Amino acid sequence: MNKKVILPVFCVLLVILIGVVIFLSHSLTEQKAVNQEMQELAELDKKEMENEYQQFADQYSEMKTRINNDSLVAQLTKEQMRTQELLKELKELKSNDAREIARLKKELATCRAIIRSYIIEIDSLNRLNQNLREENTQIRGQYEEANRQIAGLNTEKASLSEKVAIAAQLDATAIALQPQTNKGKATNKLKKVRQFLVTFKIAKNVTASAGNKTVYVQIKTPTNVVLAPAGSTAYENRQIQYTAKKNIEYTGEETPMSFYCQLSEALLAGTYRVSIFCDGNLIGSRSFSFE
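The structure presented is a predicted model; accordingly, all values stated were derived computationally and were not measured.

Would you mind showing me how to read the packing of aromatic side chains here?
Aromatic ring pairs are described here by two measures, namely the spacing of the ring centres and the angle between the planes. For the coordinates displayed, the defined rule picks out 7 aromatic pairs. Here the aromatic residues Phe196, Tyr272 and Phe290 are joined through ring pairs into a cluster of three or more. Cation over ring: lysine 246 sits above phenylalanine 259, and NZ or CZ is 4.9 Å from the ring centre.

Can you help me understand the nonpolar core in this one?
Soluble globular proteins: nonpolar side chains tend toward being buried together. Phe196, Phe200 and Ile219 are the most contacted members of the largest nonpolar core, which totals 30 residues. Broken down by secondary-structure element, the contributors of at least two residues to this core are strand E1 (172-180), strand E2 (195-202), strand E3 (211-220), strand E6 (244-250), strand E7 (255-262), strand E8 (270-278) and strand E9 (281-290). With residues up to four places along the chain from it excluded, the contact list for isoleucine 219 reads Leu177, Phe196, Val198, Val225, Val226, Leu227, Thr243, Cys261, Tyr272, Arg273 and Val274. The next biggest cluster of nonpolar side chains, apart from the first, holds 19 residues, and it includes Leu72, Leu90, Ile101 and Ile122.

I keep staring at unusual backbone geometry and nothing clicks. Help me out?
The phi angle of most residues is negative, glycine excepted, and most peptide bonds adopt the trans form. Despite not being glycine, glutamate 236 shows a phi value in the positive range, around 50°. Unlike most non-glycine residues, aspartate 279 shows phi in positive territory, near 55°.

When you look at the sheet that holds E3 in this model, what are you seeing that I'm missing?
Whenever strands of a sheet pair, they do so through backbone hydrogen bonds, lying parallel or antiparallel. With respect to topology, 4 strands assemble into an open sheet ordered E6-E3-E8-E9, the strand pairing being antiparallel. Of all the strands in the sheet, the pair left with one neighbour each is E6 and E9. Taken over all neighbouring pairs, the strand axes of this sheet differ in orientation by 20° on average, direction set aside. Across 6 bridges, E3 lies against E8 in antiparallel orientation. Within E8, the residue paired with valine 215 across the bridge is cysteine 278.

Quick notes on the rules
Residues numbered from 1 in each chain as written. Predicted model: local features only at pLDDT ≥ 70, side-chain atom pairs only at ≥ 80, totals over all residues. Heavy atoms only, no water. Phe/Tyr/Trp six-rings, centres within 6.5 Å; stacked < 30°, edge-to-face > 60°. Lys NZ or Arg CZ within 6 Å of the ring centre and 35° of its normal. Core = buried A, V, L, I, M, F, W, Y, C linked by side-chain atoms within 4.5 Å. Buried < 20%, exposed > 50% of the residue type's maximum accessible area, 1.4 Å probe, protein only. Helix = DSSP H or I, 4+ residues; strand = E, 2+ residues; numbered from the N terminus. Contact = heavy atoms within 4.5 Å. Pairing = 2+ DSSP bridges. Axes fitted to C-alpha atoms, helices over the stretch in contact; angles between N-to-C directions.

Rendered as structure tokens:
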């Protein structure tokens, strides 16, 4: 082959070779760009998975603060630790490890389903607890209302008992004090008085208990001293002196009574007070003035 033929063929081959080199270089550049883009997408996907695993772990912590159930808290803690272990595995993987990335993505879907089931269970428990709290509040309110009613009934009962007790007390009426001489004659001269005759009536009272009763008469001088004290008896949580006493059989009917009180001292002019006591109660009193 002569030089005139070889030269054109060589030029054609050179042009073809240059074209092939340019084509291959362009294709390689495009492939690198595609690989770079895929690598960035894989890294982004891996980062999103890490964020979701972390969110699940944090959500388990938040759920444990909303419940007061040791068994359920233990289950949540176990699932939280498993989620954290998967997160650790994911962080240690390279983004181009497609097989492990796919496996952890499936695990992520499982974790998502598990945490959703726990959310539903906890919400159900919280609603149940709320209903129980409302029911307990209602029952407590009913209990308090019942206690208030009982307290009211007790107050009424106590008031009624007090009224009955007051109604059952004896009542001394028509109290009279007559000064007498040593011969039992009435006199207005204090220097001749040697005894007092005290008379009164215990009024009819069908409410009072019948039976043996002791009636006490107390006479106080103008100086507020008990005249001729003969002993003491209980009255309002203390002991008081009396001038005379008498035992009677009370039947509930009107009962007239009289007491002779002997005197051993001279009397002073002024106001004398006669008080009648029975069953620990003051059942009557009256004042008398002598000049």
